[in-house]
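# Commentary on secondary and tertiary structure
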Amino acid sequence: MILNPASMKPIYVQISEWLEAEILNGHLPGDERVYSQYQLAEMFNVNPATAAKGLNLLADEEIVYKQRGLGMYVAPEAQDRILAKRKERFVNGLLREVVSEAGRLGIGKEELISLIREIAREGSGERTREEERGKEKGTE
Amino acid sequence: MIVVEAKKLGKNYGRVKGGVQAIRGLSFIMEENKIIGLIGRNGAGKTTLLKMIAGYLRPTGGMLRVFEREPFNDLTVSAKTLFVDDSMTFPLSFTLADILREAARFFPGFDAKLAEALAEYFSLNLKKSHHHLSKGTKSTFNAIIGIASHCPLTLFDEPTSGMDSSVRKDFYRALLKDYIQHPRTIILSSHLLSEVEELLEDILLIHAGAECLHLPVADLKEYAIGLRGPARNVGELAQGREILHREEFGQGNIYLVVKKNFSPERLEEARTRGVETVPIATDDLCNYLTGSKGGIDDVFRRN
């Protein structure tokens, strides 16, 4: 497993995000044991304390839970919590950033919405249903 | 448990007046079973500090305790401590095989199987004598002794000097894997933080014999932030803060590096006024913290 040391994100955040991805794609189902800090340290070639910090980040967000003496396990609600967290971060971070940058560039509200729609259309066909819903809202 | 403790530690070479102050007023604590990076530029005092911890040199000021004892001339400390650098000396008549055999008798925790496997992996000829080895091979062999001896306190002074990049990577990985199986206190000195960063738990950055920074390595990435943009707006944002680095560029533009303790709102607001935020690479941060005033550009500006 390769980490990106040049990334702005600290290594322990990158590790916790990798674990989140493993939970989201179903490799680590609910109530399954998560890798130990030592396993993670070997996998990512980092100090075990750094790996532990990544695990603790997930424990704080109740995405994993501690079993005394046994290690960390995936919370049954882990997938929902990760998705909710990411959605919240997307809306409050990226999306706000997009809207304010559009403002700085003089892109109007309607223009922005139609640009987003266009980009979504270029994406996969699976997106069509969401796009339709978006259209309805847009015409309201 | 605390393995190394220093209080206002000092070391002068030569006469007090006109001599060299290699270490001046260094205070820190190093805890058991951590890998600690001792980082600093050439001449910062890394080797002097390590040699005092190992008991090779006697401090000239302050207090130093290793395993709760004064390390200089102390057998207890000596038995638990190993200092590895590229000028380790062994009896001249010894071949590498002889050294490995004696090391197994000398260090109670020595893993002879591991040492042999590593020597084979790095293609060392065990029939050779130690003082005939090339610089890189010598470093590699000494590093093997450092790993396999499992000493409760192992000090590596620039262990990878002379090693090629693939051996370096292998050495660090071998050290990490062995540390996971046999946790112990390891101090690793380097002038290049990025090479060892991921291996470390804590970092002690020293400059001109004094402490610059001592913190968990994970906090280092979030220690400072770069602000780039129109001089007035950047200056406003950085007002009252310690400026670690400053560069002017273009017309009325400035780049400042300051400690990162801004609220996200404050940064977001600054962004709308053209102030860009830039993450600081840890190597650069170390350079800023240990740098001389100004930069290389100033040297050329004079002419």
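Residues numbered from 1 in each chain as written. Chains lettered and ligands numbered in written order. Predicted model: local features only at pLDDT ≥ 70, side-chain atom pairs only at ≥ 80, totals over all residues. Heavy atoms only, no water.

## So, the overall build of chain B
Spelled out, the test is: Counting from the N terminus, the helices are DSSP H or I runs at least four residues long and the strands are E runs at least two residues long. Relative accessibility under 20% of the residue-type maximum defines a buried residue, over 50% an exposed one, and the middle range a partly exposed one, all with a 1.4 Å probe and only protein chains included. Surface exposure here means Shrake-Rupley accessible area, sampled with a 1.4 Å probe, where a residue is shielded only by the protein chains that are shown. Lys and Arg are tallied as positive, Asp and Glu as negative. Neither His nor the chain termini are counted. Taken as the charge centre is NZ of Lys, CZ of Arg, CG of Asp or CD of Glu, depending on the residue.
A count of helices and strands for chain B gives eleven helices and 13 strands. Taken over the C-alpha atoms alone, chain B extends approximately 70 × 45 × 45 Å along its principal axes. Here chain B, with 303 residues, has 47% of them falling under the buried criterion. Split by element, the accessible area of chain B, about 15,500 Å² in all, is 50% carbon and sulfur. Chain B carries 39 positive and 38 negative side-chain charges, and their two centres are separated by 5 Å.

## A few points about the overall build of chain A
Going by this rule: Any two residues having at least one pair of non-hydrogen atoms within 4.5 Å are treated as being in contact.
Helix and strand content of chain A: six helices and two strands. Beginning at the N terminus, the succession of helices and strands in chain A can be written as α-α-α-β-β-α-α-α. Pairs at least 24 residues apart make up 46% of the contacts formed inside chain A by residues separated by at least 6 positions. Carbon and sulfur atoms provide 53% of the accessible area of chain A, an area that totals close to 9,200 Å².

## A closer look at the domain arrangement of chain A
One frequent convention defines the size of an interface as the accessible area lost when the parts assemble. All names here are of chain A. Condition: Segment limits for the domains were obtained from an automatic or database-derived domain assignment. Here the quantity called buried area is the total loss of accessible area, with a 1.4 Å probe, experienced by two parts when brought into contact, counted for both. The salt bridge criterion pairs a side-chain nitrogen of Lys or Arg with a carboxyl oxygen of Asp or Glu, the two atoms within 4 Å. Three residue categories are used. Nonpolar comprises Ala, Val, Leu, Ile, Met, Phe, Trp, Tyr, Cys and Pro, charged comprises Asp, Glu, Lys and Arg, and polar comprises the others, including Gly.
Assigned domains within chain A: domain 1 (11-78) and domain 2 (82-137). Counting residues at the interface gives eight residues for domain 1 and five residues for domain 2. Counting the surface lost from both domain 1 and domain 2, the interface buries some 550 Å², and carbon and sulfur atoms represent 51% of this. Here domain 1 and domain 2 share three salt bridges between them. By residue number, the principal contributor to the side of domain 1 that touches domain 2 is helix α1 (residues 11-24), which donates five residues. Each residue belonging to the side of domain 1 that touches domain 2 can be placed in one class, and the counts come to five nonpolar, no polar and three charged.

## What about the confidence of the model for chain B?
Residue and element names in this part refer to chain B. Applied cut-off: The predictor's confidence in any single residue is recorded as pLDDT, a number from 0 to 100.
When pLDDT is averaged along chain B, the result is 91; 97% of the residues meet or exceed 70. The weakest mean pLDDT in chain B belongs to helix α11 (residues 296-301) at 76; the strongest belongs to strand β6 (residues 153-157) at 97. With a pTM of 0.86, the predicted complex shows an ipTM of 0.85.

## So, the sheet that holds strand β2 (residues 20-31) of chain B
All names here are of chain B. To be explicit about the condition: Strand pairing follows a simple DSSP-based rule, namely that at least 2 bridges must link the two strands. To get an axis, a line is fitted to the C-alpha atoms, and for a helix only the part in contact is used. The angle between two axes follows their N-to-C directions and goes from 0 to 180 degrees.
Across the sheet, which stays open at both edges, the three strands sit in the order β2-β1-β4 with antiparallel pairing between neighbours. Each edge of the sheet is formed by a strand with only one pairing partner; in this case those strands are β2 and β4 (61-66). The sheet shows a mean angle of 20° between the axes of neighbouring strands, direction not considered. Here strand β1 (residues 2-13) runs beside β4; their pairing, made up of five bridges, is antiparallel. Looking at β4, one finds that G10 is bridged to G61.

## Brief notes about the interface of chain A and chain B
Let me state the cut-off plainly: Between N or O atoms, a polar contact is any pair within 3.5 Å; within protein, one atom must be a potential hydrogen donor and the other a potential acceptor, and residues adjacent in sequence are included only when both atoms are from side chains.
The partner chain B presents 17 residues to the 20 residues of chain A that form the contact. Applying the counting rule to chain A against chain B returns three salt bridges. Applying the counting criterion to the chain A and chain B interface returns seven residue pairs in polar contact (both at pLDDT 80 or more). Sorting the residues of the side of chain A that touches chain B by element identifies α1, α2 (37-44), α3 (48-60) and α4 (78-104) of chain A as the ones contributing at least two each. Classifying every residue of the side of chain A that touches chain B by side-chain character gives ten nonpolar, five polar and five charged.

## Remarks on the side chain of B:H245
All names here are of chain B. Along the chain, H245 falls in strand β11 (residues 243-249). The class of H245 is buried, set by a relative accessible area of 19%. In this structure the side chain of H245 is engaged in a polar contact, spanning 2.7 Å, whose partner is the side chain of E247. Discounting chain neighbours no more than four positions away, the residues touching H245 are Y255, L256, V257 and Y288.

## Let's talk about the state of the cysteines
All names here are of chain B. Using the following cut-off: Here, a disulfide means two cysteine sulfur atoms that sit within 2.5 Å of each other.
Here the structure, examined in full by the defined rule, presents zero disulfides over all chains. Left unpaired, C212 is separated from the closest cysteine sulfur, that of C286, by 8.6 Å. By relative accessible area, C212 is classed as partly exposed at 26%.

## Observations concerning the sheet that holds strand β10 (residues 224-230) of chain B
Residues and elements named next belong to chain B. Taking strand neighbours across the sheet as the criterion, the four strands line up as β11-β12-β10-β13 in an open arrangement whose pairing is antiparallel. The open sheet terminates on both sides in strands that have one partner only, identified here as β11 and β13 (276-279). Averaged over all pairs of adjacent strands, the angle between strand axes in this sheet comes to 20°, irrespective of strand direction. Summarising the sheet, β10 and β13 pair through four bridges and their orientation is antiparallel. Across the sheet, G226 pairs through a bridge with V278, a residue of β13.

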